[in-house]
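The lines below spell out each chain.
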Amino acid sequence: MIFSNLGLYFAVARLFVGVLAESDSTTFSKNLSSCPGYSLHSLQESKIGLIAQLSLSGPPCNAFGTDFENLTIQVTYETDSRLRVRIADSENNQFTIPESIIARPPPPTTSFTQSSDLVFNYESSPFSFWITRRSNPDAIPLFDTRLSSLPETPLPPVITDDTSTALDGFPLVFEDQYLQLTSSLPLNTNIYGLGEVIASSGFRRNVASNGGSIQTLWARDIADPVDQNMYGNHPIYLEHRFNETTNEAQSHGVFLFSSSGADILLLTPPGALQSLIQYRMLGGVLDFYFFSGPSPHAVIEQYGALVGLPSWIPSWAFGFHLCRWGYISLNETMQQVQAMRAAKIPLEVMWNDIDLYHAFRDFTSDPVSFPGDEMRNFIQELASNNQHYIPILDAAIPHPTNATDVYDPYIRGHEMGTFIKNPDGSEYIGKVWPGYTVFPDWFASSTQGWWTESLKNWSDGGVEYSGIWLDMNEISSFCQGSCGTGADLSNTSVPFLLPGDPGDPVIDYPECYNALVFGPSGNVTINGMLTCTNNSTPSTLAKRGVGAGAEKGVNLNTPPYAIHNGAGDLSINTLATNATHAGGFVELDVHNMWGMMEEKATHLALQQLQPGKRPVIIARSTFPSSGKWSGHWLGDNFSKWEYLYYNIQGILQFQIFQIPFVGADTCGFNGNTDEELCNRWMQLSAFVPFYRNHNERGALSQEPYRWNSVANASRTAIATRYTLLPYWTTLFANASLRGTPPVRALWYEFPTEPELFAVDKQFLVGGDILVTPVLTPNVSTVEGHFPGRGQVTWRDFYTHEAVNASNGTATLSAPLGHINVHIRGGSALLLHAMPGYTTTETRTGPFSLVVSLESTEHAFGTAYIDDGITNPPSESRDITFSATTNQLHISSDGNFTVEQMLQQVTILGVNKTPVKVSVSGKNIENWQFMSGLQKLVISNVSIDLNSAQTVSW
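Residues numbered from 1 in each chain as written. Predicted model: local features only at pLDDT ≥ 70, side-chain atom pairs only at ≥ 80, totals over all residues. Heavy atoms only, no water.

As named in an unreviewed UniProt entry, the chain is Glycosyl hydrolases family 31-domain-containing protein, taken from Lentinula boryana.

Peer 1: So what about the overall build of the chain? Which residues, and what values?
Peer 2: Within the chain, the regular secondary structure consists of 15 helices and 48 strands. Here the chain has a C-alpha radius of gyration of 28 Å; the compact-globule value for 953 residues is 30 Å, and the two agree. Taking the principal axes of the C-alpha coordinates as reference, the chain spans close to 85 × 70 × 55 Å. Out of the 953 residues in the chain, the part that is buried amounts to 64%. (Helix = DSSP H or I, 4+ residues; strand = E, 2+ residues; numbered from the N terminus. Rg over C-alpha atoms; globule rule 2.2 N^0.38 Å. Buried < 20%, exposed > 50% of the residue type's maximum accessible area, 1.4 Å probe, protein only.)

Peer 1: Explain the state of the cysteines to me, and be specific about the residues and the numbers.
Peer 2: Scanning the model with the defined rule gives 4 disulfides in all. Each sulfur in the disulfide pair Cys 479 and Cys 483 lies 1.8 Å from the other. Between Cys 479 and Cys 483, the disulfide has an S-S torsion of -70° and is therefore left-handed. Here Cys 479 matches Cys 483 in class, with each residue buried. Of the cysteine sulfurs around Cys 323, a residue in no disulfide, the closest is that of Cys 667, at 13 Å. (Disulfide = S-S within 2.5 Å.)

Peer 1: I'd like to hear about the confidence of the model for the chain, residue by residue, with values.
Peer 2: Per-residue pLDDT for the chain has a mean of 94; in total, 96% of the residues score no lower than 70. Across residues 2-24 the pLDDT falls below 50, and counting only partners more than four positions away or on other chains, this stretch makes 59 contacts in the model. Taken as a whole, residues 535-544 scores under 50 in pLDDT and shows 30 contacts with residues more than four places along the chain or in a different chain. (pLDDT = per-residue confidence, 0-100. Contact = heavy atoms within 4.5 Å.)

Peer 1: Which residues make up the sheet that holds strand S21 (residues 430-432), and what values go with them?
Peer 2: With antiparallel pairing, the 3 strands of this open sheet are ordered in space as S20-S22-S21. A single partner strand is all that each edge strand has here, and the edge strands are strand S20 (397-398) and S21. Bridge analysis of S20 against strand S22 (residues 435-438) gives 2 bridges, and the strand direction is antiparallel. By the bridge assignment for S22, Ile 397 is matched with Val 438. (Pairing = 2+ DSSP bridges.)

Peer 1: Just give me the short version of the sheet that holds strand S30 (residues 691-693), but keep the residues and values in it.
Peer 2: Backbone-to-backbone hydrogen bonds pair the strands of a sheet. The strands run either parallel or antiparallel. Taken in spatial order, the 9 strands of this open sheet run S28-S27-S26-S23-S19-S18-S17-S30-S29, and their pairing is parallel. The outermost strands of the open sheet, each flanked by one partner alone, are strand S28 (662-663) and strand S29 (665-666). With 3 bridges connecting them, strand S17 (residues 320-322) and S30 associate as parallel partners. Residue Phe 320 lies in a different strand from S30, and its bridge partner there is Tyr 691. The sheet contacts of helix H3 (residues 330-342) involve S17 and strand S18 (349-352), and relative to S18 the element is tilted by about 155°. Of the strands in this sheet, S18 and strand S19 (388-394) are in contact with helix H4 (residues 372-384), which crosses S19 at around 135°. (Axes fitted to C-alpha atoms, helices over the stretch in contact; angles between N-to-C directions.)

Peer 1: Explain empty space enclosed by the protein to me, using residue names and the numbers behind them.
Peer 2: Here the largest cavity is characterised by a volume of approximately 120 Å³. A per-class count over the lining of the largest cavity returns 8 nonpolar, 5 polar and 2 charged. Roughly 40 Å³ of internal volume is contained in the second largest cavity. Forming the boundary of the second largest cavity are Pro 310, Ser 311, Ile 313, Gly 627, Ser 630, Ile 659, Pro 660, Phe 661 and Phe 732. Of the residues that constitute the lining of the second largest cavity, the class distribution is 6 nonpolar, 3 polar and no charged. (1 Å grid on protein atoms, 1.4 Å probe; cavity = no way out; pocket = protein on both sides within 12 Å on 5 of 7 lines; lining within 4 Å. Points joined across faces, edges and corners; volume = space filled by probe spheres on them. Nonpolar A, V, L, I, M, F, W, Y, C, P; charged D, E, K, R; others polar.)

Peer 1: Break down unusual backbone geometry for me, with residues and values.
Peer 2: A cis amide bond links Ser 125 with the next residue in sequence, Pro 126, at an omega value of -10°. The topology assignment puts Pro 126 in the loop between strand S5 (118-123) and strand S6 (128-133). Going from Glu 474 to Ile 475, the amide bond is cis rather than trans, its omega being 20°. With respect to the secondary-structure elements, Ile 475 resides in the loop between strand S23 (468-471) and helix H7 (515-518). A positive phi angle is found at Phe 363, which is not glycine, with a value near 65°. Position of Phe 363 relative to the elements: it lies in the loop between S18 and H4. In this structure, Gln 658 takes a positive phi of about 60° despite not being glycine.

Peer 1: Talk me through the environment of Pro 105; I want residue IDs and the actual numbers.
Peer 2: Relative to the helices and strands, Pro 105 is located in the loop between strand S4 (82-89) and S5. Overall, the relative accessible area of 27% leaves Pro 105 in the partly exposed class. Along the backbone, Pro 105 and Gly 37 are 68 residues apart, and their C-alpha atoms lie at a distance of 31 Å. Excluding anything up to four places from it in sequence, Pro 105 contacts Arg 82, Ala 305 and Leu 306.

Peer 1: Provide a residue-level description of the pairing of strand S41 (residues 877-884), including the pertinent values.
Peer 2: Of the two faces of S41, only the one carrying Arg 877, Ile 879, Phe 881 and Ala 883 is buried; Asp 878, Thr 880, Ser 882 and Thr 884 on the other face are not. Both strand S40 (residues 859-865) and S41 contribute to a ladder of 7 bridges, which runs antiparallel. If you follow Ala 863 over to S41, its bridge partner there is Ile 879. Pairing geometry for S41 and strand S42 (residues 887-894), over 8 bridges, is antiparallel. Bridge pairing links Asp 878 to Asp 893 in S42. Taking the residues between adjacent antiparallel strands as the criterion, S41 and S42 are bridged by 2 residues, where Asn 886 takes a positive phi near 65°.

Peer 1: Quick rundown of the pairing of S6? Include the residues and the values.
Peer 2: The buried fraction of S6 is high, at 6 of 6 residues. Two strands pair when backbone bridges link them, and S5 and S6 are joined in this way by 6 bridges, in the antiparallel orientation. The partner of Val 119 across the bridge, within S6, is Thr 132. Of the pairings in the sheet, the one linking S6 to strand S7 (residues 143-144) comprises 2 bridges and is antiparallel in character. Paired with Trp 130 across the two strands is Asp 144, which belongs to S7.

What follows is the structure in structure tokens.
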């Protein structure tokens, strides 16, 4: 969590307290026009690729650092669909991510140089390279650094109000503090990914409008900004190209494996015939991976095969979660559980924010407000009702205030040497919620054991968590530099007011709600009058080897090239860039990985402390491979209608990033929600992977039982979600096994329909469920795209009526409390027939099956079933449903025994009244046919899903 007045605090305070390295005084030209580039020589080919040397082609330009005279390029055809191009300094002084931090697949033993669809091409002098498809060698290259493929320079600022976007040349630049590489792109091409970001352009990135956009990579604690860097860093993009002449489409991916701070520019110079992408890195090496796709699903799967597939998610994690900053006691927390049950709104997981802690200290519970024994009893009562509990765990560890202050996690960590240091070897001391703090060093060999021990002691003390919530792990610090070095450690105050305190009331409401007129209730109507008085769409809110640690002449604190960090200096609201980790690594090189490394350590700890169970971790700062260890929530968003919309692009982004278990703070975190916004948001979030309602201290309470209309909408939406649990768990099994994205943009399934390429106000769950939410206030209809251009039948999930969308769009009725959901023709969905209060109760009930025949009378679907808990799954069953004319075949394979029977089968798209209906050759009488809906319902059957079955009609 973070607040808007924190940025003001840093702008005013600008504290440089503690141990800082001296700044380097070297003067650099900051001009690339004289940079000579490199020439290739000493090439050696092998069965897996090539290796060659690159030498500076002229006098060094030293634009933003000192040029390396000699580089090594290594090209490896790792699989038929993955190509690696790595350019590094020949002395290996620059930072590279250790294998121990992120494991990569071993080098290939089979040659793919002739079978890969990706082909590496190069020119020797000046050195440049381009990547083409073997299957389509004459097409525009997928990646092309040749000067002849790029616009002529110099160019004035492409983004007119940003002088850094002036382009004075496109040579390969490789300096100790600055790396630059540029590739041409097709004009205004379709780019997705590169994050984490809330992009004003939407899920499809802005390549051309007003010159383009910049994605900055530097982890930052900030309430969800628009078009700025934020919590996580993911330098991967997916590009989709469509040939209107041939009506063919292909996707590919490009990933830069680097933890360096960076700007990635997507630009289109005025009048240019092409767009471009330019990488500007503060260090490290250029380590590119190219993925051939050719479908978007395949690109995402290929990326997952490299960085690691998502962790297995237990079935209970798909339930509804409730939290807020402001449940100040165990009694208040318990009251929420009781109120939810009294309102008959399913609650699966109860959470606590930092109110839980004693003096805001990690691994504690307040002895008065949250006493350990009472916490244990509460959590065990939750467990007896098939419910769960997740507490927060912040990144900073409190430093004791004096010699009599006994805080065991610090004492043990200090003894074991687990904390980040200053350059002089003293502990780096920042400031967060508990006052002065230290920070775990994940590079230290003792830190994993210390972290596991601390988590165990916390659970043993009464906080018997089912999962862990990792917050503030960008990493966040409220002062600049090691401000606790030599300070009065007894001062535990934070340098700003907390929301809800006198002087900082929470007064913001959604854009059209006027609290001055209608009061603080947030109700959708007052005395019969609508409280939303503005029906317009809301406007956008204002808006290294060891690496640098061992290199001489490197300015650790203020690199010569200033990336577009939204906070300004790189050390603001985080650790100083010269903070030192075990092994000599400095924060400048490894900053962006801290959150991922904490997630990995927490996952490994939970595997040890809860053996055989699937860890549930929700984290804020992420990095490539984070999905292997945790899920993600989209951070400290706002109770604004536009953030309801931004919710969707965030979820789609993280499918690309292989962190599919993701969701936003439902109803909004910052500011006050209102009844209408919360109603719509509770509906939308029921169709995203991670479903949690959470808001800030001092704001209007927004639990779903607070308004009758929200309660009704929530009961309906959660019941639908729990009905779909077999579908969700199947999608996430496919993600963990193959990396297939569970949530998809519409164009993923319809890649040759360009009208869908920018659609991000709808989304698909899997390939078969189309969700069309209301994203604006005071409306009762919504426009929706229905892909397939009339060749695909879309049926209402609730009524089973087919949509009339011959032109590809339709206006849908959407009264408050209703979210439009449609089933794709040709699908078969295994469902839970009787959704219960919890996922466990739901799973004990019978199944139903909905088969939505396409006009050709075919349908297909699969279901994956296991116990929903075991990690990794030891027993599972795969069930396939295949429908052809008048017959449904069910096949079953696996070693898990499905105890629940298939109780009801609904066939949609049946053209005429059946004469008879049979199951595995036995005629049955319990069926009903509704000709107007072309709907056959077969009821009260007991079909065993452990063996092959046939349903005929």
